[in-house]
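A structural walkthrough
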Amino acid sequence: MHIIEQLQADQTAANAQQDPNANICFFATVDAAGSPQVRTLVLRHIAETSITLFVNTSSPKWQQLLKQPRCQALLWYPSLQIQYRLSGIAEGLASETIQDNWHKRPLRAKLLDYFYDRTSPQSSRMTSRADFLEQFEALSQRVAPADLKPSDAAIGLLVQLDQIERLDLSQNDLPHERTVFERTENDWIAHALVP
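These lines cover the structure that appears in this document, whether it is placed above or below. (Residues numbered from 1 in each chain as written. Predicted model: local features only at pLDDT ≥ 70, side-chain atom pairs only at ≥ 80, totals over all residues. Heavy atoms only, no water.)

**Notes on helix H4 (residues 107–118)**
Along an α-helix, residues three or four positions apart point the same way, because every turn accommodates 3.6 residues. Put simply, the rule is: Only runs of H or I of at least four residues qualify as helices and only runs of E of at least two qualify as strands under DSSP, and these elements are numbered from the N terminus. One fewer than the residue count of a helix, multiplied by 1.5 Å, yields its expected span. Per-residue accessibility, obtained with a 1.4 Å probe over protein chains only, is compared with the maximum for each type, and a residue is labelled buried under 20%, exposed over 50%, and partly exposed between these values. Residues are treated as being in contact if the distance between any of their heavy atoms lies within 4.5 Å.
When the terminal C-alpha atoms of H4 are compared, their 16 Å separation across 12 residues agrees well with the 16 Å that a helix rising 1.5 Å per residue should span. Every buried residue of H4 is accounted for by Ala-109, Lys-110, Leu-111, Asp-113, Tyr-114, Phe-115 and Tyr-116. Among the structural elements, strand S4 (50–56), helix H5 (129–142) and strand S7 (154–168) are those in contact with the buried residues of H4.

Structure below.
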């Protein structure tokens, strides 16, 4: 089975197992000081050579990717005991990507985009959680759900993959199975790794 087909099959199997990680990834960037920064994001799409995520341009991760587009997404499916590390180069997508998927976003996410635009950017400091919730509630009272439209700051992020590593921890009496796949011009080339 081709690695992308395997990845998609594993995600489908994780969803069938109601794995809480089935549709998320742990996304790593590097900040200006060279420190790794990892956060959880929804994995929107897996394609032949890329993955798609949604981000807000007010977030630190977007500023980090503008300076250093090399990034990595980790997928961990505990129900299957399988991990993937997806490495590549990130680039912003046209705004149509968000507009085409806007209806799928929960109301909370739509309101947060408005909050970033009108009140405080993502990751900005607040005096307290209670203060944030009060301001968020006030905004949600002023804006009717039907009036919510995609923010220009909400964008799709395409990560062009050049390496995929798969680690299968489900081996009972054998050492783990670990394989790295490197992207060539036309295909993925597999290399077994010592676990």
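**Things to note about the packing of H4 against H5**
The test is simple: Only the stretch in contact is used when fitting a helix axis, every axis being a line fitted to C-alpha atoms; angles between N-to-C directions are given from 0 to 180 degrees. Comment on the angle field: the value is read as roughly parallel under 35 degrees, roughly antiparallel over 145, roughly perpendicular from 65 to 115, and oblique elsewhere. In this classification, Asp, Glu, Lys and Arg are treated as charged, Ala, Val, Leu, Ile, Met, Phe, Trp, Tyr, Cys and Pro as nonpolar, and every other residue, Gly included, as polar.
Across the interface, H4 lies against H5 with an axial gap of 10 Å and an inter-helix angle of 105 degrees. Considered as vectors, H4 and H5 are oriented roughly perpendicular to each other. Contacts from Arg-108, Leu-111, Leu-112, Tyr-114, Phe-115 and Arg-118 of H4 reach H5 at Phe-132, Gln-135, Phe-136, Leu-139 and Ser-140. Within the contact of H4 with H5, the residues separate by chemical class into seven nonpolar, two polar and two charged.

**Focus on the nonpolar core**
Worth spelling out the cut-off: In this description, a nonpolar core means a group of buried Ala, Val, Leu, Ile, Met, Phe, Trp, Tyr and Cys residues linked to one another through side-chain atoms lying within 4.5 Å.
Of all hydrophobic cores here, the largest spans 31 residues; its most connected members are Phe-27, Tyr-84, Leu-86 and Ile-164. Elements with a contribution of two residues or more to this core: helix H1 (3–16), strand S1 (24–30), S4, helix H2 (60–67), strand S5 (70–77), strand S6 (82–92) and S7. The element contributing the most residues to this core is S7, with five residues. Sequence-distant contacts of Ile-164, defined by excluding residues within four places in its chain, comprise Ile-3, Ile-4, Tyr-84, Arg-85, Leu-86, Thr-179, Val-180, Phe-181 and Trp-188. Ranked by size, the runner-up nonpolar core spans eight residues in total, among them Tyr-114, Phe-115, Phe-132 and Leu-139.

**Observations regarding the packing of aromatic side chains**
Note the cut-off: Centre distance within 6.5 Å is the pairing criterion for rings of Phe, Tyr and Trp, where only the six-membered ring of Trp is used; planes under 30 degrees apart are then read as stacked, over 60 as edge-to-face, and the remainder as tilted.
This structure, assessed with the given rule, holds three aromatic pairs. With a centroid separation of 5.2 Å and an interplanar angle of 80 degrees, the aromatic rings of Phe-115 and Phe-132 are classed as edge-to-face. One end of the pair, Phe-115, is in helix H4; the other, Phe-132, is in helix H5, and 17 residues separate them in sequence. On the accessibility criterion, Phe-115 (2% relative accessible area) is buried. Phe-132 sits in the buried class, given a relative accessible area of 18%. Note on Phe-115 and Phe-136: the rings are 6.2 Å apart at their centroids and 55 degrees apart in plane angle, and the pair reads as tilted. Taken together, the residues Phe-115 in helix H4 and Phe-136 in helix H5 connect sequence positions 21 residues apart. No difference in accessibility class separates Phe-115 from Phe-136, as the two residues are buried.

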